[in-house]
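Architecture and fold: a report
One-letter residues, chain by chain:
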Amino acid sequence: QVQLVESGGGLVQPGGSLRLSCASSGSIFSSNAMGWYRQAPGKRRELVATITRGGNTDYADSVKGRFTISRDFAKNTVYLQMNSLKPEDTAVYYCLSGSPAYGSWGQGTQVTVSS
């Protein structure tokens, strides 16, 4: 399994932006799909965005129009551009390669949206 390392989290004011990165130790092209999930305190981990090998994307309704998932095959990196951030976006964000049940997860990066 590949190793995934997330970065780019931090503290941002409401309305601000962050870009998360997920660097893979292996080729992301070999994965059927890559995704971003998040988990807020006391809540279940939820899907934020996915991108398939073919480039199809899917987003949670709560982030549509604000977040964009993309990837760079040459760098084996997946990104999550987050704009117009809201306090309810506060969570630990995790990168996933493959399926939630059998894929590889990163260690997570904290995103805090607060004034």
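Above this note sits the structure.
What counts, and where the lines are drawn
By convention here, each chain's residues receive numbers from 1 onward along its written sequence. Owing to the predicted nature of the model, reporting of local features is limited to residues with pLDDT of at least 70; listing and counting of side-chain atom pairs is limited to 80 or more, with chain, interface and lining totals taken over all residues. Calculated side-chain values reflect all of the structure's heavy atoms, with hydrogen atoms and water omitted. Counting from the N terminus, the helices are the DSSP runs of H or I reaching at least four residues and the strands are the DSSP runs of E reaching at least two. Residue burial is assigned from relative accessible area. The probe radius is 1.4 Å, only protein chains are included, and a residue is buried under 20% of its type maximum, exposed over 50%, and partly exposed in between. By the convention used here, residues are in contact when the closest approach between their heavy atoms is within 4.5 Å. Two strands are counted as paired when DSSP detects at least two bridges linking them. Axis lines are fitted to C-alpha atoms, over the contacting stretch for helices. Their N-to-C directions set the angle, which ranges from 0 to 180 degrees. What makes a nonpolar core is a set of buried Ala, Val, Leu, Ile, Met, Phe, Trp, Tyr and Cys residues whose side-chain atoms join them at distances within 4.5 Å. The criterion for a disulfide is a pair of cysteine sulfur atoms lying within 2.5 Å.

As a further point, take the environment of P14. If you trace the backbone, P14 turns up in the loop between β2 (10-12) and β3 (18-24). Relative accessible area serves as the criterion here: at 42%, P14 is assigned to the partly exposed category. Setting aside its immediate chain neighbours within four residues, P14 contacts L85, P87, V113, S114 and S115.

On to the pairing of strand β11 (residues 109-113). Of the two faces of β11, the one lined by T109, V111 and V113 is fully buried and the one lined by Q110 and T112 carries no buried residue. Relative to β11, β2 is paired through three bridges, and the arrangement is parallel. Paired with V12 across the two strands is V113, which belongs to β11. Sheet topology note: the strand β9 (residues 91-97)/β11 ladder contains three bridges and is antiparallel. When the bridges of β11 are listed, Y93 appears paired with T109.

Right, let's talk about the sheet that holds β3 for a bit. An order of β1-β3-β8-β7 is seen for the four strands of this open sheet, with the pairing classed as antiparallel. The open sheet has two edge strands, β1 (4-7) and β7 (67-72), and neither has a second partner. For this sheet, the mean angle separating the axes of adjacent strands, direction not counted, is 15°. In terms of strand pairing, β3 meets strand β8 (residues 77-82) through six bridges, oriented antiparallel. If you follow L20 over to β8, its bridge partner there is L80.

Counting 26 residues, the largest nonpolar core has W36, V48, F67, I69, L80, M82 and Y93 as the members making the most contacts within it. With residues near it in sequence (within four places) discarded, Y93 still touches E6, L20, W36, Y37, R38, V48, F67, L80, M82, G108, T109 and V111.

Considering all chains together, one arrives at one disulfide under this definition. With a sulfur-sulfur separation of 2.1 Å, C22 is cross-linked through a disulfide to C95. Its S-S torsion of about -80° marks the bond between C22 and C95 as left-handed, since a negative value means left-handed. In this pair, C22 is assigned in strand β3 and C95 in strand β9, connecting sequence segments 73 residues apart. Both residues of the pair, C22 and C95, belong to the buried class.

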